[in-house]
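# A structural walkthrough
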Amino acid sequence: MARTVFILGAGASVAAGAPVQATFLATAQQLRSVNRLQRATDELECVERAISVLQGCNAKTQLDTTNLERLWTALEMAQLLGGVGALSSEDAVEALRSLRKLIVVVLEESIRFPSSSNGVHAFAAAPAGYSSLSNEILRRMRKQSAGAPTLITFNYDIALEVALDDNQIKYDYGHESSHQEPHVDLLKLHGSVNWYQKENVVQVTPIERMGFGQAGVHHLTLQTSLPVNPQTGVVYEPLIVPPTDSKKEGRFILANVWKRAAQELRTAARLVVIGYSMPQSDEFFRTFLALSTLGPTAISEVIVVDPSPDTANRIRGVLGTETASRFQHIPCTFADAAPRIQEWI
C-alpha cells in the first residue's frame, strides 16, 4: 500500500490542451471549424441535434447543455424517461454513444505531446507536470526501501501512461490482481481512451507513440487502434464512464479499479490533489472518499495543487476537523508545482 496517493483531475491536463467539462463542446466545435474533427463530425452533429431539443427546457427551467456533465445527465434521463419532446429514447442512446466517441477524438486532437527523440526516431513525450511526476516516482522507486505512490485519476487521457513509459515504469490499472514486480498503481476511475469492454472484461489497447506531428507536436490517435467486434463487425467503443453521479454504465465493469482505489486511500498518509475541482455535483466521489478513508491510518497531510482558491475551499470543506487542520493549498498549476513534487512523494 502506498503512503502517498495522488488524485488527478481534468485541470492536470489543461496545460497540455485538454478541455474541462465546461469547455468541452466549445472545443469540439472549434476543432471542427479548423477541419480537425473529421473523424467525429457526424457524432458532434448528433449531439448538437440532441442539444437543440433539450434547450427547449429553458423556457420553463434552466438546463446548462454546454457543460459535459449536465449534458450527459440530461441524455441519460431522457433515455430513462423513454424520450423527451422530439428526442426519443433511441435518439438519446445514439447521442450518448456519439458523445463517448466525441470525447476520445477531442482529447486526441487537443492534447499536445511534445516531441522527443532517441537519435533514430521521434516520438511523443509526456507533457509538463506529468514528466516531473514520473521522474520523481522513478527516483523514489530506485530506493530499495521506498514504495511508489499510487496514482488515482478521473481523466480519460493517456498523459500519465506516456510519462511512466518515458521512464520505463511499469503500471497496473487494477483490473485484476496486482503485479508482483515493482510497479505503480494507475487507477482510472472513469475509464480510459485506450480501454474497451469485451465480454464483460476490460481490454487495453497498446499505446503507439511513434510518428512525428506538426511543428514538433504529437497528437496520439488511439480510436483507430480499437479492434473490431467479430460478432457485430463494428469497432469496439472506448470504455468511458460518464462524469455523472449515476456512473451506472461503468460502475460494475470498473468495480475492481474502484476497490483498489479504496484500499489505497484507506492506508494513505498523504493525499495530493492536482487539478480536481471536486464539484458540488460529484456527490458520488465525496461519499466514496469518506468511506474509503475509514481506517486506522491517520492522514498527515492533504495538499491541493490548483490556482483556484474556490477549489481549495471546496476540498477543505469535505475534510474532517482533524484532517482539515493538516490542509495545504499550493496556488499554482501542475507544471509550476514540479519543484515541490519530490517533497510529497
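Provided above is the structure to which this section pertains.
This write-up is about the structure you can find in this document. (Residues numbered from 1 in each chain as written. Predicted model: local features only at pLDDT ≥ 70, side-chain atom pairs only at ≥ 80, totals over all residues. Heavy atoms only, no water.)

### Focus on the packing of helix H2 (residues 41–54) against helix H3 (residues 68–80)
We apply this condition: All axes here are fitted lines through C-alpha atoms, helices being fitted over the stretch that makes contact, and every angle between N-to-C directions spans 0 to 180 degrees. Where helices and strands are cited, they refer to DSSP runs of H or I of at least four residues and of E of at least two residues respectively, numbered from the N terminus. Should an angle fall under 35 degrees it is taken as roughly parallel, and over 145 as roughly antiparallel, whereas 65 to 115 is taken as roughly perpendicular and any remaining angle as oblique. The contact criterion used is simple: two residues touch if any of their non-hydrogen atoms lie within 4.5 Å. For this classification, Asp, Glu, Lys and Arg are treated as charged, while Ala, Val, Leu, Ile, Met, Phe, Trp, Tyr, Cys and Pro are nonpolar and the rest, including Gly, are polar.
Closest axis-to-axis distance for the H2/H3 pair is 11 Å, and the angle between their directions is 80 degrees. Classed by the angle they form, the pair H2 and H3 counts as roughly perpendicular. Within the contact between the two elements, H2 uses Val47, Ala50, Ile51 and Leu54 and H3 uses Leu71, Ala74 and Leu75. Partitioning the contact of H2 with H3 into residue classes produces 7 nonpolar, no polar and no charged.

### Quick notes on the sheet that holds strand S10 (residues 201–204)
The cut-off we apply is this: Two strands are said to pair when DSSP picks up at least two bridges between them.
Judged by pairing direction, the sheet is antiparallel, and its 3 strands sit side by side in the order S10-S9-S12 without closing on themselves. Edge positions in the open sheet fall to S10 and strand S12 (238–240), since each of these has one partner strand only. Adjacent strand axes in the sheet meet at a mean angle of 60 degrees, parallel and antiparallel pairs treated alike. Across 2 bridges, strand S9 (residues 191–198) lies against S12 in antiparallel orientation. From the neighbouring strand, Gly191 faces S12, where its bridge partner is Ile240. Seen against the sheet, helix H4 (residues 89–110) touches S9 and S12 and runs at an angle of roughly 100 degrees to S12.

### So, the pairing of strand S6 (residues 150–153)
Looking along a regular strand, one sees side chains alternate from face to face of the sheet. Put simply, the rule reads: Summary of the burial criterion: residues with accessible area below 20% of their type's maximum are buried, those above 50% are exposed, and those between are partly exposed, where the area comes from a 1.4 Å probe applied to protein chains only.
Of the two faces of S6, the one holding Thr150 and Ile152 and the one holding Leu151 and Thr153 are both buried throughout. As judged from the 4 bridges shared by strand S1 (residues 4–8) and S6, these two strands associate in the parallel manner. Of the residues in S6, the one forming a bridge with Phe6 is Leu151.

### Focus: the nonpolar core
What counts is decided by this rule: Nonpolar cores were defined as sets of buried Ala, Val, Leu, Ile, Met, Phe, Trp, Tyr and Cys residues, with membership established by side-chain atoms within 4.5 Å.
One finds Leu102 and Phe285 to be the most contacted residues of the largest nonpolar core, which totals 103 residues. Top contributing element to this core by residue count: H4, with 10 residues. Ignoring any residue separated from it by four or fewer positions in sequence, one finds Leu102 in contact with Phe24, Ala28, Leu37, Ala40, Leu44 and Val47.

### Considering the pairing of S9
Of all 8 residues that make up S9, 6 are buried, and the element is covered over most of its length. As judged from the 4 bridges shared by S9 and S10, these two strands associate in the antiparallel manner. If you follow Tyr196 over to S10, its bridge partner there is Gln203. Where S9 folds back onto S10 in an antiparallel hairpin, the turn is made up of 2 residues, including Glu199, whose phi is positive at roughly 55 degrees.

### Here we look at the packing of aromatic side chains
Note on aromatic pairs: each is described by the distance of the centres and the angle between the planes. Worth spelling out the cut-off: In this scheme Phe, Tyr and Trp rings, the latter by its six-membered ring, pair at centre separations within 6.5 Å, and the angle between planes marks the pair as stacked below 30 degrees, edge-to-face above 60, and tilted otherwise.
All chains considered together, the criterion is met by 10 aromatic pairs. When the ring of Phe154 is compared with that of Phe285, the centres are 4.8 Å apart and the planes differ by 85 degrees; the resulting orientation is edge-to-face. Of this pair, Phe154 sits in the loop between S6 and helix H6 (159–166) while Phe285 sits in helix H8 (residues 283–292); the two residues are 131 residues apart in sequence, bridging distant segments of the chain. Each member of the pair, Phe154 together with Phe285, is buried. Their ring planes at 85 degrees and their centres at 5.5 Å tell us that Tyr276 and Phe285 sit as a pair that is edge-to-face. The rings of Phe154, Trp258, Tyr276, Phe284, Phe285 and Phe288 are connected pair by pair, giving a single aromatic cluster.

This is a description of form; function is not addressed.
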